[in-house]
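# Secondary and tertiary structure notes
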Amino acid sequence: MTKIRRGCRQMKEKYDIGKQMGFIHHMIRRNLEKEIPSDLMKISMANGYILFYLYDNKDKDVYQKDFEENFGITRSTASKILSLMETKELVRRESVAGDARLKKITLTENGEELRRKMIAIKDKMEEQLKEGFSEKEIQQLYGYLERIKDNLMR
C-alpha cells in the first residue's frame, strides 16, 4: 500500500467517531475496573441503579411495583433482584401496617456505603476525563455529545 493510501486510511480511522467513542468507552471501563473495590464487584449494574433509586426516593415509601414501573422489568425479575439484594444486605423489605402483603423497600447502611463508594469512583473518573480541558471546552464537548445522541435518536 502506498504512503498516500495508508495516510488516507489512518486519517479516516482517526475521524471515525464511533470507533473512537467505543475505544474511549473501553478505556473508561478498564480504568473503573482498576478502581472498584472487591465489595463493589459483587453487585450488578441493576443493583447500582436500585441503590441510587432508593436513595433519591428516601423521603417516599418505595415498593417492588415502583421498580417494575421505573425500570420496565417484570414482577418476577424485580422480585429476584430484590431477593438477591436482600441476601447481600443492600436492601431491607419491611412490612407495612394495614397490608401484610405489601413490603416497603429501604436502603440498608451497607447499601448506602456502597452507593457512596460508587459516587466517589465516578467523581474521580469524571475529574480524570476533564483534566486539561477548560470549562468552555467541556461545555462544547457536552454540546457535541448531545448532538450525537440526537442524531442517533432519529
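One can find the structure itself at the top, above this paragraph.
Notes on the structure in this doc start here. (Residues numbered from 1 in each chain as written. Predicted model: local features only at pLDDT ≥ 70, side-chain atom pairs only at ≥ 80, totals over all residues. Heavy atoms only, no water.)

### Quick look at the nonpolar core
Keep this limit in mind: We call a set of buried residues a nonpolar core when its members are Ala, Val, Leu, Ile, Met, Phe, Trp, Tyr or Cys and they connect through side-chain atoms within 4.5 Å of each other. When a residue's accessible area, from a 1.4 Å probe over protein chains only, is under 20% of the maximum for its type it is buried; when over 50% it is exposed; and in between it is partly exposed. To qualify as a helix, a DSSP run of H or I must reach at least 4 residues; to qualify as a strand, a run of E must reach at least 2; elements of each kind are numbered from the N terminus. What makes two residues a contact is simply this: any of their non-hydrogen atoms within 4.5 Å.
Judged by nonpolar contacts, the single largest core of 17 residues is most densely connected at I50, L51, L54, F67 and M85. Those elements that place two or more of their residues in this core are α4 (45-56), α6 (75-87), β2 (99-107) and α7 (109-130). The element contributing the most residues to this core is α4, with four residues. Setting aside anything within four residues of it in sequence, one finds M85 in contact with N47, I50, L51, L90 and V91.

### Some remarks on the pattern of salt bridges
In plain terms, the rule: When a carboxyl oxygen of Asp or Glu is within 4 Å of a side-chain nitrogen of Lys or Arg, the pair counts as a salt bridge.
In total, this model carries twelve salt bridges according to the counting rule given. For the salt bridge of E112 with R115, the shortest nitrogen-to-oxygen distance reads 2.8 Å. Within this pair, E112 and its partner R115 are both found in helix α7, separated by three residues, close to a single helical turn. Across the pair, exposure class does not vary: E112 and R115 are buried alike. K122 serves as the salt-bridge partner of D123, at 3.4 Å between the closest nitrogen and oxygen. Residue classification places K122 among the partly exposed residues on the basis of a relative accessible area of 47%.

### A few points about the pairing of β2
Cut-off, in case you're wondering: Pairs of strands are assigned from DSSP output, requiring at least two bridges between the strands.
Where strand β1 (residues 91-96) lies against β2, six bridges are found, and the strand directions are antiparallel. Opposite V91, over in β2, you have L107 as the bridge partner. Remark: two residues form the turn of the hairpin made by β1 and β2, two consecutive strands paired antiparallel; G98 in that turn has positive phi of roughly 95 degrees.

### Points about the packing of α4 against helix α5 (residues 64-71)
Which entries qualify depends on this criterion: For helices, the fitted axis covers only the stretch in contact; all axes are lines through C-alpha atoms, and the angles between them, taken along N-to-C directions, range from 0 to 180 degrees. Note that the term roughly parallel is reserved for angles under 35 degrees, roughly antiparallel for angles over 145, roughly perpendicular for angles of 65 to 115, and oblique for everything else. In a left-handed crossing the near helix is turned counterclockwise from the far helix by less than a right angle, and in a right-handed crossing that turn is clockwise. When residues are sorted by character, Ala, Val, Leu, Ile, Met, Phe, Trp, Tyr, Cys and Pro go into the nonpolar class, Asp, Glu, Lys and Arg into the charged class, and all the rest, Gly among them, into the polar class.
Packing of α4 against α5 brings their axes to within 12 Å, and their N-to-C directions diverge by 115 degrees. Comparing the axis directions of α4 and α5 gives the class roughly perpendicular. Relative to α5, the crossing made by α4 is right-handed. Contacts between α4 and α5 involve Y49, I50, Y53 and L54 from the first element and D66, F67, N70 and F71 from the second. Residue composition of the contact of α4 with α5, grouped by class: six nonpolar, one polar and one charged.

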